[in-house]
Amino acid sequence: MKKKVVFAVLANFIYGFLYAEFFFSGFSGAKLDFKLYDPLAAQENADETNSSEVENETVNPNLEMSAFFSGQFNISNNIIIRTEFSVKTFDLISNSIFDSHSRKVTNSTFQIDEISMLVRGQMLHSMNYFSVFLGTYEPIGSDIFLRRQFGLNSISSKITESWMGMAGAIIYPLFGLGISDVVHFDKQPIAAGAYIYFNKEDPGYVFNADMRFGCAYRFFTLDVSAGLGFPLLSSEREDAYIFVEKIYSRAGLNMLIGNSYTTSFFLQAGFSKLPFYKSSDKSTDIDDVEFYFLLEPRFKLSMVEMDITFFSLPADTVSNFIFVRETLGVNINVFTDKFLIKNSSMLFGANTEIGFRTKNCLDFSHISDWFEDENGMKDLKIAIAPYIETQLFTGEIHAMIQIDITQFINEPINWFKAFELNLGYKVQF
């Protein structure tokens, strides 16, 4: 009798799985970055010739390609599997991508950005979302959490776009192997949750715990998170299984006052890797802390929109952006989407950046040194970048040319360093 019951339960489960209504959706895209001068390649040539420095800089074209895939599998109404991965290849002109035996083979990186499974269910007067994840999951700084919980359009700053994937800006990543549980209340546009996960950092593993709160009202949207990281140094002490020498703290904030249809005010701020020691003999080095700050008034006029952005960003974060390449500065982005060509809307814009390459908000304490030091102002960059976005076939194409004005001002003048072309294409299916 028991065998018949077990067989019936298994048969019913297999039947439900085989005849479930699967639904799949996702994004896929690619990006090309073309430069007339590649400083890394120039340095490699100097190394090959045993030269101590790069001399006689000339045109040295570089073409890099990136691609991504992001998919969502709805196994049922309450079980969702998500995945996202990306690949980046370096110089496709100087090196070979097809011949692995070539002396110069193009380097490439493959990265799994997210693998997660979400199970949702009704719980009293709320909906509960339980997730198991591997990779970077709903990082604070991006608006993925708000978009998934409240069905919003993107509220992130346009200058933090990467044209790759969905994440965009990241104040600090919720990265590793772990679980999360988020409660979305029925009668209010409010969600709160917790994340517990492990990741690996030199010299060992780190246990992390973060809390999250978000809300989305008509004229106010908020996403705030805070957490702690506990490095587990099991090899540092022979008399302890696990030894915690310090605790890392972090916090992040996304806030929009207004909405996408009105003049509004957007703020992103946060910090990560702020250590705390129990011993009073060890002091915190503020230079090791990563600060993230972005303040952006958005003006919506009758025919155009203008965003003025003041920012101080970590170098690792900036390396993934398209519109911003400096760590400290101001950005003015003017654009309009009022044009129609053959029933397809086209967005035209011009992005102007004034920034410094190696400075952040902490350097304001000795800002006078920037002008006294001969090399201080060499970090200044002034660039303008006209761009266009429109529909092409079933996807969306982006094109932009960046012009570094400072290359025509500083001595010696190297015009070929001033130009960079970016092309991107993304399709939804």
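The rules we used
Residues numbered from 1 in each chain as written. Predicted model: local features only at pLDDT ≥ 70, side-chain atom pairs only at ≥ 80, totals over all residues. Heavy atoms only, no water. Helix = DSSP H or I, 4+ residues; strand = E, 2+ residues; numbered from the N terminus. Buried < 20%, exposed > 50% of the residue type's maximum accessible area, 1.4 Å probe, protein only. Areas by Shrake-Rupley, 256 points an atom, 1.4 Å probe, with all protein chains shown as cover. Salt bridge = Lys/Arg side-chain N within 4 Å of Asp/Glu carboxyl O. Core = buried A, V, L, I, M, F, W, Y, C linked by side-chain atoms within 4.5 Å. Phe/Tyr/Trp six-rings, centres within 6.5 Å; stacked < 30°, edge-to-face > 60°. Patch = residues over 30% accessible without salt bridge, like charges linked within 9 Å, V, L, I, M, F, W, Y side chains within 5 Å. Pairing = 2+ DSSP bridges. pLDDT = per-residue confidence, 0-100. Polar contact = N/O pair within 3.5 Å; in protein donor to acceptor, adjacent residues only side chain to side chain. Contact = heavy atoms within 4.5 Å.

K.L.:
Requested: an account of the overall build of the chain, with residues and values cited.
P.N.:
Counting its regular elements, the chain contains 5 helices and 18 strands. Within the chain, the fraction of its 429 residues that count as buried is 39%. Total accessible area on the chain stands at roughly 24,500 Å², and carbon and sulfur atoms take up 62% of it.

K.L.:
How would you explain the pattern of salt bridges if you had to name every residue and give the values?
P.N.:
The full count for this structure, using the stated rule, is 14 salt bridges. Across the pair Asp 210 and Arg 250 runs a salt bridge whose closest N-O atoms are separated by 3.0 Å. Of this pair, Asp 210 sits in strand S8 (residues 204-216) while Arg 250 is found in strand S10 (residues 246-257), placing the two residues 40 residues apart along the sequence. Each member of the pair, Asp 210 together with Arg 250, is buried. Where Glu 326 meets Lys 381, a salt bridge forms, and the shortest distance between an N and an O atom there is 3.4 Å.

K.L.:
Could you give me a rundown of unusual backbone geometry, with the residues and numbers involved?
P.N.:
For Leu 124, which is not glycine, the phi dihedral falls at a positive 55 degrees. Its location among the elements puts Leu 124 in the loop between strand S4 (108-123) and strand S5 (126-136). The residue Lys 273 is not glycine, and still its phi comes out positive at about 60 degrees.

K.L.:
A description of the nonpolar core should follow, citing residues and the corresponding values.
P.N.:
Counting 37 residues, the largest nonpolar core has Tyr 195, Tyr 292, Phe 323 and Met 400 as its most contacted members. When residues of this core are traced back to their parent elements, those giving at least two are S5, helix H3 (144-150), strand S7 (190-201), strand S12 (290-300) and strand S16 (380-392).

K.L.:
Can you explain the packing of aromatic side chains? Please cite residues and give values.
P.N.:
Using the criterion set out here, one finds 17 aromatic pairs in the structure. Between Phe 133 and Tyr 197, the aromatic rings sit 6.1 Å apart at their centres with planes inclined by 55 degrees, giving tilted as the arrangement. Taken together, the residues span a long stretch of sequence, with Phe 133 in strand S5 and Tyr 197 in strand S7 at a distance of 64 residues. Each member of the pair, Phe 133 together with Tyr 197, is buried. On the basis of an interplanar angle of 85 degrees and a centroid distance of 6.5 Å, the ring pair of Trp 163 and Phe 323 is categorised as edge-to-face. Of this pair, Trp 163 sits in the loop between H3 and strand S6 (175-185) while Phe 323 sits in the loop between helix H4 (315-318) and strand S14 (328-341); the two residues are 160 residues apart in sequence, bridging distant segments of the chain. A relative accessible area of 2% means that Phe 323 is categorised as buried. Put simply, the rings of Phe 24, Phe 69, Phe 73, Phe 85, Phe 110 and Phe 429 touch in pairs and so form one group of aromatic residues.

K.L.:
Got a sec to walk through a nonpolar patch on the surface? Specific residues and values, please.
P.N.:
Together, Val 59, Ile 384, Ile 405, Phe 408, Ile 409, Ile 413 and Trp 415 make up a nonpolar patch on the protein surface, roughly 620 Å² of accessible area in all. Looking at the element boundaries, Trp 415 is found in the loop between strand S17 (395-404) and strand S18 (419-428).

K.L.:
Describe the pairing of S5, listing the residues and the values that go with them.
P.N.:
Pairing of S4 with S5, which is carried by 10 bridges, proceeds in the antiparallel orientation. Note that in S5 the partner of Ser 116 across the bridge is Phe 133. Between S4 and S5, which pair antiparallel in sequence order, lie 2 residues; one of them, Leu 124, sits at a positive phi of approximately 55 degrees. Examined bridge by bridge, S5 and S6 share 11 bridges and lie antiparallel to one another.

K.L.:
Break down the pairing of strand S3 (residues 79-89) for me, with residues and values.
P.N.:
Examined bridge by bridge, strand S2 (residues 62-74) and S3 share 10 bridges and lie antiparallel to one another. Within S3, the position partnered with Ser 66 by the bridge is Lys 88. Sheet topology note: the S3/S4 ladder contains 11 bridges and is antiparallel. Residue pairing in the sheet places Glu 84 in a bridge with Glu 114 of S4.

K.L.:
Account for the confidence of the model for the chain, naming residues and giving values.
P.N.:
With 81% of its residues at a pLDDT of 70 or more, the chain has an overall mean of 83. The secondary-structure element of the chain with the lowest mean pLDDT is helix H1 (residues 2-18), recorded at 49, while strand S13 (residues 305-312) shows the highest, at 96.

K.L.:
Describe the side chain of Glu 114, with residues and values.
P.N.:
Note that Glu 114 resides in strand S4. Given the relative accessible area of 6%, Glu 114 is considered buried. Within polar-contact distance, the side chain of Glu 114 engages the side chain of Arg 148 at 3.4 Å. The residues touching Glu 114, leaving out its near neighbours within four places in the chain, are Arg 82, Thr 83, Glu 84, Leu 134, Thr 136, Tyr 137 and Arg 148.

K.L.:
Can you tell me about the side chain of Glu 305, naming the residues and giving the values?
P.N.:
With respect to the secondary-structure elements, Glu 305 resides in strand S13. On the basis of relative accessibility, which here comes to 19%, the residue Glu 305 falls in the buried class. Only 2.8 Å separates the side chain of Glu 305 from the side chain of Lys 300, close enough to count as a polar contact. Here Glu 305 is in contact with Phe 299, Lys 300, Asn 333, Val 334 and Phe 335, once residues within four sequence places are set aside.

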